[in-house]
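Chains, contacts and geometry: an overview
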2 protein chains.
Amino acid sequence: MVQKNVTKERYEGMERKELNVIGIGPGKPEGMTLEAKAALDESSVIVGYPVYLSLLPAEYNTKEKIATGMTKEMERCRIALETADQGKTVSLVCSGDAGVYGMAGPVLSLADTFPEVNIRILPGVTAATAGAAVLGAPLMHDFAVISMSDRLTPFEKIRKRLLLAAEADFVMVLYNPESKGREGYLRKACDILSEVVPENRPAAYVRCIGREEEEAWTGTLSELREKQVDMFTTVFIGNSTTRCQNGRLITERGYQRKERL
Amino acid sequence: MVQKNVTKERYEGMERKELNVIGIGPGKPEGMTLEAKAALDESSVIVGYPVYLSLLPAEYNTKEKIATGMTKEMERCRIALETADQGKTVSLVCSGDAGVYGMAGPVLSLADTFPEVNIRILPGVTAATAGAAVLGAPLMHDFAVISMSDRLTPFEKIRKRLLLAAEADFVMVLYNPESKGREGYLRKACDILSEVVPENRPAAYVRCIGREEEEAWTGTLSELREKQVDMFTTVFIGNSTTRCQNGRLITERGYQRKERL
């Protein structure tokens with residue numbers, strides 16, 4: 001099926017019953033896109049997890065806000081759709097990109113129940129690329145993004161993906177490496193990767209990307225194994241060409257060395 | 001090595017000899033972040049490939065612009081660094097995210113030669129997530145980003161990564177699927193994937209994401225094999241749970257079906 005100008009036809013001239021699913025980037029408000037800001041400006045209601053709502057600039061304090069709990073994703077999507085269906089322009093906000101382990105999927109899976117609501121997905125900067133920018137340039141070559149959360153995925157599947165990604169020599173980005181109730185998962189990931197990857201492989205993490213409390217760490221896979229991290233941390237494991245130069249992580253672009261001469 | 005507040009310390013109070021490496025998002029200017037716009041506003045010189053320079057809003061027409069050819073990446077990076085080293089605030093612009101197969105790596109690899117230049121990497125929305133937003137929600141679960149360009153990578157390595165990514169059941173995003181001189185590469189990729197993935201697996205592409213000529217296609221892996229695409233196209237191949245619903249591509253978030261009940 002070919003669709004021309006999906007963005008334009010789907011979005012223009014819609015003023016009511018509109019739900020914007022917005023990724024606001026990983027941290028500071030300046031990390032959101034101009035179109036995300038415009039969509040928030042036009043919205044009368046903003047729905048989200050309390051932490052994400054608190055990251056929004058003060059200028060949105062006058063808007064109606066609806067906060068729902070962490071594990072209530074489907075309820076949050078339903079509330080956002082129901083509110084839009086009442087004839088309001090609603091923004092559902094996620095950190096990072098709404099399409100990467102975010103609310104875009106759950107919202108669209110409920111779309112048939114709310115056929116009159118125009119759903120717009122607005123992409124944002126995801127933690128993989130925002131964290132990469134803090135660290136240097138680790139994503140200069142093919143990479144895999146893997147969530148360590150086994151809340152919705154069997155751990156055996158996660159283990160298999162880690163091993164195959166290492167065998168494929170992908171740079172790896174681990175989302176949700178640990179959380180309350182999942183302590184020790186980063187150590188488990190490092191132990192699995194050690195089956196394929198040398199222990200001196202460059203590794204890194206960034207915590208609270210773009211926020212006041214931002215913290216970046218670079219080291220090796222074996223050092224990473226001893227680190228304690230949390231759900232606000234994004235972890236990077238280099239490929240066979242990743243190196244650390246003046247505290248910055250750089251992955252070669254294939255034959256880059258040759259090209260540089 | 002632990003670094004606190006990298007973003008803040010590295011960037012604040014710097015007015016001269018500054019090079020911003022900026023991902024402006026995949027298409028329209030509204031897709032850039034607020035911080036990217038602020039950095040462009042502060043720059044006196046903008047360096048980039050001619051097509052990317054032409055995507056910038058008219059408000060930047062008064063800035064000094066330096067355009068370099070497509071395959072002259074290292075030259076472009078050197079010019080940007082040299083110009084900054086002369087005491088100017090320079091922005092080097094890339095489409096998408098500068099850290100994903102972009103200019104961040106080449107610039108940082110030359111950083112030692114220009115020790116006085118303060119290099120800032122500003123992330124942008126990359127084609128994987130911008131294309132995903134057009135298509136629906138294909139990146140709800142673990143994914144791999146693979147470039148089909150064998151200009152800097154042996155094709156055997158690309159083949160191996162495609163096969164292992166398929167075996168790992170990653171959603172796949174293919175960058176640079178074809179170009180002049182690399183005709184038939186998408187067909188080659190589909191043939192390789194067919195060794196592991198069923199031919200009715202949902203697949204899609206988006207061409208010229210966010211631009212006037214944007215075009216999205218959804219179908220199956222075997223239909224994708226017959227398509228002709230170009231370097232402005234981003235290709236998606238679903239994982240085992242990806243489905244097409246009302247023309248939108250949605251990947252399940254693990255046990256989502258269970259949660260929805």
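What counts, and at which threshold
- Each chain has its residues counted from 1, following the order in which its sequence is written.
- As a convention, the first chain written is A and the first ligand written is 1, with the rest following in written order.
- Residues qualify for local features only when their pLDDT is at least 70, as the model is predicted, and side-chain atom pairs are given and counted only at 80 or more; totals for whole chains, interfaces and linings, by contrast, use all residues.
- Derived side-chain values reflect all non-hydrogen atoms in the structure, with water molecules and hydrogen atoms excluded from consideration.
- Residues below a pLDDT of 70 in either copy are left out; the C-alpha atoms of the rest, at least 70 in both, set the least-squares superposition of the copies.
- Between two residues, a contact is recorded if the distance between any of their heavy atoms is within 4.5 Å.
- When two parts are brought into contact, each loses some accessible area as probed by a 1.4 Å sphere; the total of that loss over both is the buried area.
- Think of a salt bridge as a Lys or Arg side-chain nitrogen and an Asp or Glu carboxyl oxygen that are within 4 Å of each other.
- Polar contact is defined as a pair of N or O atoms within 3.5 Å, subject to the rule that within protein one atom must be able to donate a hydrogen and the other to accept it, and that residues adjacent in sequence are counted only when both atoms are side-chain atoms.
- In DSSP terms, a helix is any run of H or I states spanning at least four residues, a strand is any run of E spanning at least two, and both are numbered starting from the N terminus.
- Side-chain classes are defined by residue name, with Ala, Val, Leu, Ile, Met, Phe, Trp, Tyr, Cys and Pro counting as nonpolar, Asp, Glu, Lys and Arg as charged, and the others, Gly among them, as polar.
- Two strands pair if DSSP finds at least two bridges between them.
- A cavity here means a set of 1 Å grid points, computed over protein atoms only, where a 1.4 Å probe fits but cannot escape. A pocket is an open set with protein on both sides within 12 Å along at least 5 of 7 lines, and lining residues have an atom within 4 Å of a point.
- Grid points are joined across faces, edges and corners, and a volume is the space filled by probe spheres set on the points.
- For the exposure calls, accessible area comes from a 1.4 Å probe over protein chains only, and a residue counts as buried if that area is under 20% of its type's maximum, exposed if over 50%, partly exposed in between.
- By convention a crossover is right-handed if, when the strands point away from the viewer, the path from the first strand over the helix to the second runs clockwise.
- Angles here are taken between N-to-C directions and fall from 0 to 180 degrees, while the axes themselves are lines fitted to C-alpha atoms, restricted in helices to the stretch in contact.
- The quantity known as pLDDT measures the predictor's confidence residue by residue, on a range of 0 to 100.

Let's shift gears to the relation of the copies chain B and chain A. Least-squares fitting of chain B to chain A yields an RMSD of 0.0 Å, with the transformation described by 0.0 Å of translation along the axis and a rotation of 180°. The transformation just described matches what one would write down for a two-fold rotation axis. When the interface residues of chain B are mapped onto chain A, 99% of them again lie at the interface, so the same face is used by both copies.

Okay, the interface of chain B and chain A next. Across the boundary between the two partners, chain B contributes 90 residues, which contact 90 residues of chain A. Interface area for chain B against chain A, summed over the two sides, is near 8100 Å², with a carbon-plus-sulfur share of 52%. If you sort the residues of chain B by the area they bury against chain A, Leu152(B), Arg161(B) and Arg248(B) come out on top, with a joint share of 9%. Where chain B touches chain A, the interface holds eight salt bridges. The shortest N-O distance in the salt bridge between Asp169(A) and Arg161(B) comes to 3.6 Å. Connecting chain B to chain A are 38 residue pairs in polar contact (both at pLDDT 80 or more). The leading source of residues in the side of chain B that touches chain A is helix 7 (residues 155-167) of chain B, at six residues. Class assignment of the residues belonging to the side of chain B that touches chain A gives a composition of 38 nonpolar, 25 polar and 27 charged. Where strand 8 (residues 143-147) of chain A lies against strand 8 (residues 143-147) of chain B, three bridges are found, and the strand directions are antiparallel. Paired with Val145(A) across the two strands is Phe143(B), which belongs to strand 8 of chain B.

On to empty space enclosed by the protein. Counted under the stated rule, the structure contains three cavities of 30 Å³ or more. Residue lining of the second largest cavity: Thr126(A), Ala128(A), Thr129(A), Phe143(A), Val145(A), Tyr175(A), Thr126(B), Thr129(B), Phe143(B) and Val145(B), and that is the complete set. For the lining of the second largest cavity, the per-class residue count stands at six nonpolar, four polar and no charged.

The next thing to look at is the side chain of Arg120(B). Residue and element names in this part refer to chain B. Take Arg 120: it is sitting in strand 6 (residues 118-122). Note on Arg 120: relative accessible area 13%, which makes it buried. Within the structure, Arg 120 has its side chain in polar contact with the side chain of Asn 20 (distance 3.4 Å).

The subject of this paragraph is unusual backbone geometry. Residue and element names in this part refer to chain B. Backbone geometry places Tyr 101, a non-glycine residue, at a positive phi of 50°. Following the sequence through the fold, Tyr 101 ends up in the loop between strand 5 (89-94) and helix 5 (104-109). In this model, Cys 208 sits at a positive phi of 50°, which is unusual for a non-glycine residue. If you trace the backbone, Cys 208 turns up in the loop between strand 10 (202-207) and strand 11 (215-220).

Along the chain, Met140(B) falls in the loop between strand 7 (136-137) and strand 8. Using a relative accessible area of 1% as the deciding quantity, one classes Met140(B) as buried. In this structure, the C-alpha to C-alpha distance between Met140(B) and Met74(B), residues 66 residues apart in sequence, is 35 Å. Once you skip the residues sitting within four places of it in the chain, Met140(B) turns out to touch Ala98(A), Gly99(A), Val100(A), Tyr101(A), Gly102(A), Ala104(A), Gly105(A), Pro106(A), Thr251(B), Glu252(B) and Arg253(B).

It is worth spelling out the pairing of strand 3 (residues 45-48) of chain A at this point. Residue and element names in this part refer to chain A. Where burial is concerned, the two faces of strand 3 agree: the one with Val 45 and Val 47 and the one with Ile 46 and Gly 48 are both buried. Bridging between strand 3 and strand 4 (residues 64-67) involves four bridges; their strand directions are parallel. Counterpart to Gly 48 in the pairing with strand 4 is Ala 67. The parallel pair strand 3 and strand 4, bridged by helix 3 (residues 50-55), forms a crossover whose chirality is right-handed. As paired elements, strand 3 and strand 5 (residues 89-94) share four bridges and run parallel to each other. Paired with Ile 46 across the two strands is Ser 91, which belongs to strand 5.

Residues and elements named next belong to chain B. Spatially, the five strands line up as an open sheet ordered 4-3-5-2-6, and their pairing is parallel. Each edge of the open sheet is held by one strand with a lone partner, namely strand 4 (64-67) and strand 6. When strand polarity is set aside, the average angle formed by the axes of neighbouring strands in this sheet is 20°. On the sheet, helix 2 (residues 34-42) packs against strand 2 (18-23), strand 3 (45-48), strand 5 and strand 6 and is oriented at approximately 140° with respect to strand 2. Those strands touched by helix 4 (residues 73-85) are strand 2, strand 3, strand 4, strand 5 and strand 6, and its axis lies near 160° from that of strand 5.

Residues and elements named next belong to chain A. Averaged over every residue, the pLDDT of chain A is 91; residues scoring 70 or more account for 91%. Note on residues 256-261: pLDDT is under 50 here. Beyond four places in sequence and across chains, it has 14 contacts. Scoring the predicted complex yields pTM 0.92 and, for the interface, ipTM 0.92.

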